[in-house]
Amino acid sequence: MGQFHLTSGYVYNLSDSNTLECMRWGDLYSESPLGKVTSKSQISFHLAQELLSHLDAIPKGPTWHCMKINTTGYVTKDPVYFFWHNALEVTWEIFGNPVFTQHMEYDPYQDQLPTSAAIIPIVLASDKAPITGMTGDIEMHPLFLTITNIDLRVHMKVTSHAWVCIVYMLAPDFIMNSEVHLVLEACIWHCCMDIVCAGLKLAAHTSTFMSDPNNATWYCFTLLAAYTADLLEQLMITCVMLSVSPVSTAKKTQFGDATPHLPHDGEITLQKLHLLCQQVDPWRLQVFLPKAKKQKLSGIQLPFWQDWQFSNPAIFLIGELLHFGHKMFFDHPFKWCKELLGHNKIDTWYHIQHKHVLTFTLLAIHAMEESLQEFHMHKDSILRAGVQQGKSKEIGHFQIPKLELLQSSGHSIHNIGSLIQYSADISKQLLITCCKDLFMHTNHQRSTFTEQIILWLDHEESICCFNLYSLLLEKGTNFTNVLCLESDASCYIDLTVDWVQHVSLEEVNHFHGLRTFHNHFLKGIVSDDSTTMFHITVKPDFVDKSSNYFTMIYNLPDFPHLLWNYINGIPGEHHCLGGCLLKGWTKFQLQLHSHHPPNNIIPSQQVQALPPSAEHPLGKCDAILVHYMPPFGTPTVVVAQVQAIFAFSTRGSLLPTGFSEPLLYVQYFAFTMTPTDRPNVTMYTIECMFIDSPEGSKSHVGAIISLLDVIHAVELIPNCGVAANHDVTSQTCQEVYNRFFLNNFTDKEWYYTMYHDYQ
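Rules used in this analysis
Residues numbered from 1 in each chain as written. Predicted model: local features only at pLDDT ≥ 70, side-chain atom pairs only at ≥ 80, totals over all residues. Heavy atoms only, no water. Core = buried A, V, L, I, M, F, W, Y, C linked by side-chain atoms within 4.5 Å. Buried < 20%, exposed > 50% of the residue type's maximum accessible area, 1.4 Å probe, protein only. Contact = heavy atoms within 4.5 Å. Helix = DSSP H or I, 4+ residues; strand = E, 2+ residues; numbered from the N terminus. Pairing = 2+ DSSP bridges. Axes fitted to C-alpha atoms, helices over the stretch in contact; angles between N-to-C directions.

## Regarding the nonpolar core
One broad rule of soluble globular proteins: the nonpolar side chains tend to lie buried together.
Step number 1: One finds Phe95, Phe100, Leu124, Leu145, Tyr227, Ile237 and Phe304 to be the most contacted residues of the largest nonpolar core, which totals 74 residues.
Step number 2: Ignoring sequence-local partners within four residues, the contact set of Tyr227 consists of Leu124, Ala125, Ser126, Leu143, Trp189, Met193, Ile237, Phe304, Phe316, Leu317 and Ile318.
Step number 3: Within the second largest apolar cluster, 28 residues are counted, among which are Phe588, Leu592, Tyr628 and Ile705.

Next up, the structure:
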């Protein structure tokens, strides 16, 4: 990041507040700052072109290059240009970026390397995507890069800016048949990748020196650790045909095999290509392609990874969860279920269920492999039921590429660790922010829009860096992002904005990015064990209401009785509270510390308790996990539904000790089955607790508890029984059904809470 230190000797006079103001607000894509400059202001420019020239002069990071690709012998509709960063320069930039100072690991393999040596694992991601929606035929093939030295909780977030776009290339349009067209396009892509990654390959062989944000110099080796791509991209990378697996030796007819096949070693592909190129000129495609197909090769003769030290597609190509997990499920098993059970029933279940988030642990991976083997044992029943349907007819086989790729998941985890950190969710989002959204700000001309996007990104990056470092210089702050005492409980979303927030809060609006979520641990209602922080608004949603208000509005007939029991349950004489007025809220926030690492806080959870209304005839009340003291026995935890949030009014005399905190009216659930009781579901089963009323009917078991008894917000999935109610939605299911599954897969924090803290 040495180029940023030039800011202190930059040609602009930082004491000139007008010039600095315009430079800070010179972002071409935000509201113009010129309206803030009066006629008496002394600025160094008066035209937009002059402002642009100043922006071009700002010290920048890695330079964008433009190269024309010559396709001698093959005609394209338009000249082929590609814009690129030197990948090694980008790696230097990321490795030395002071924004990531607190989130970097420099020596994960120090016991195997010389002193001051470090591995820089490179992660690449690409995806060819159409830029135009309904008109035109413009496809772009960008490439993104990050390093896994950055904490995965940071580089998995697009807002952390740990990923950098290093290639912009329009898909070339050759005037020839589609088969040869695809091969030539892939050859050009590999050629461009070879140019972009040349520095990284050299550093992987001989190493290079890099400086971290603390000015320490490291002897670095840049190895290709992972490449995130969908199936078609993986086939292009490995230079094989669609009829074989890109990551194993399986052929099309073996995609449905229950036994995993050996990894597809890249060295074998290189040997086949070497022998084939000795026999036939690879650029005589009409002759070369038929012979390549016999070897199950796509016709690409120079894969970019061939001379990258220790790079092997069998290792760096990973089981990408978005495509090989989620898309595989919805394209195949989900359709089988709809054919077997009926579309209406499945649609109803998904209508009333909440979002189900996959969580991967070692036990979960083992369970997934066992489930995959169980599927292969019984898959013939799917064919016998006739539910394996194609677009127009029934299919009698399981030659599904994504099904075969699932077999490699365990192998990939052993090679590179957790797969979720390499999900294509990030590259898909980067395609939107770095390509599709920016395309809308160009003139949409095929020949010029790429250059406009490059200029846009270049100005945006340089402005952000100028703003940040001029601010640090102005405030006399260290150029290293050292967390202050307040941020020991980290709640970052955008690290740059988080840094600026701690340096100068009033300057935050000069920076684009998501704002840090609120840290309620700085000011809120803390639980007795200091692990949970609660927040309610200073102004209640209603005030000065009697207990009968809850009986009528919330439909809680036992509320006055339970409130009086709660008052009497606290030692002391509190008869004065019998007629005390109440205030209340319709929601509260609770915030927890993360389990890994425990010094990080997670975004707050909102718990609602809305009374019946025209919009919500049955009310809308969320479920929580709470501490529970049974009449007889030891303390435990139970699930409860929050029906009302209230507190005693502070009008008049002071409240007695123990009555100032907010209270909750809840209705309890009882645990009926554990995950081991239903291994096919692996979730707790709960049902509403009822008591017999004097009139002979049943009513919910209710109680009034302190807000501090709340542990976690939970998500319930209704157990619909034999037939589902088609009129029920996720908003009303908790008010209609009495039996539920406790969803322990909503996120990793809740999964850990259930199975480590309360198992």
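The rest of the description comes next.
## Things to note about helix H8 (residues 231-238)
Step number 1: A large share of H8 lies buried, amounting to seven of its eight residues.
Step number 2: Residues of H8 that are buried include every one of Leu231, Glu233, Gln234, Leu235, Met236, Ile237 and Thr238, and no others.
Step number 3: Looking one or two residues beyond H8, the residue adopting positive phi is Cys239, at roughly 65°.

## Points about the sheet that holds strand S16 (residues 620-621)
Step number 1: Strands sit in the order S10-S11-S14-S15-S16 across an open sheet of five strands; the sheet is antiparallel. Each edge of the open sheet is held by one strand with a lone partner, namely strand S10 (525-526) and S16.
Step number 2: One ladder, built from four bridges, connects strand S11 (residues 532-535) with strand S14 (residues 587-592); its direction is antiparallel. Its bridge partner lying in S14, Phe534 is registered against Leu590.

## So, the sheet that holds strand S8 (residues 208-211)
Step number 1: As summarised here, the arrangement of the seven strands in space is S1-S2-S7-S6-S3-S9-S8, forming an open sheet in which the pairing is mixed. At either end of the open sheet lies a strand with only one pairing partner, and these are strand S1 (65-69) and S8. Pairwise comparison of adjacent strand axes, ignoring direction, gives a mean angle of 30° for this sheet.
Step number 2: Here S1 pairs with strand S2 (residues 80-84) via five bridges, running antiparallel. Paired with Cys66 across the two strands is Phe83, which belongs to S2.
Step number 3: Packed onto the sheet, helix H7 (residues 198-206) meets strand S3 (117-126), strand S6 (143-147), S8 and strand S9 (217-228) and runs at close to 120° relative to S9.

## Some remarks on the pairing of S14
Step number 1: With five of six residues buried, S14 is to be regarded as a mostly interior element.
Step number 2: Sheet topology note: the S14/strand S15 (residues 605-610) ladder contains four bridges and is antiparallel. Paired with Phe588 across the two strands is Val607, which belongs to S15.

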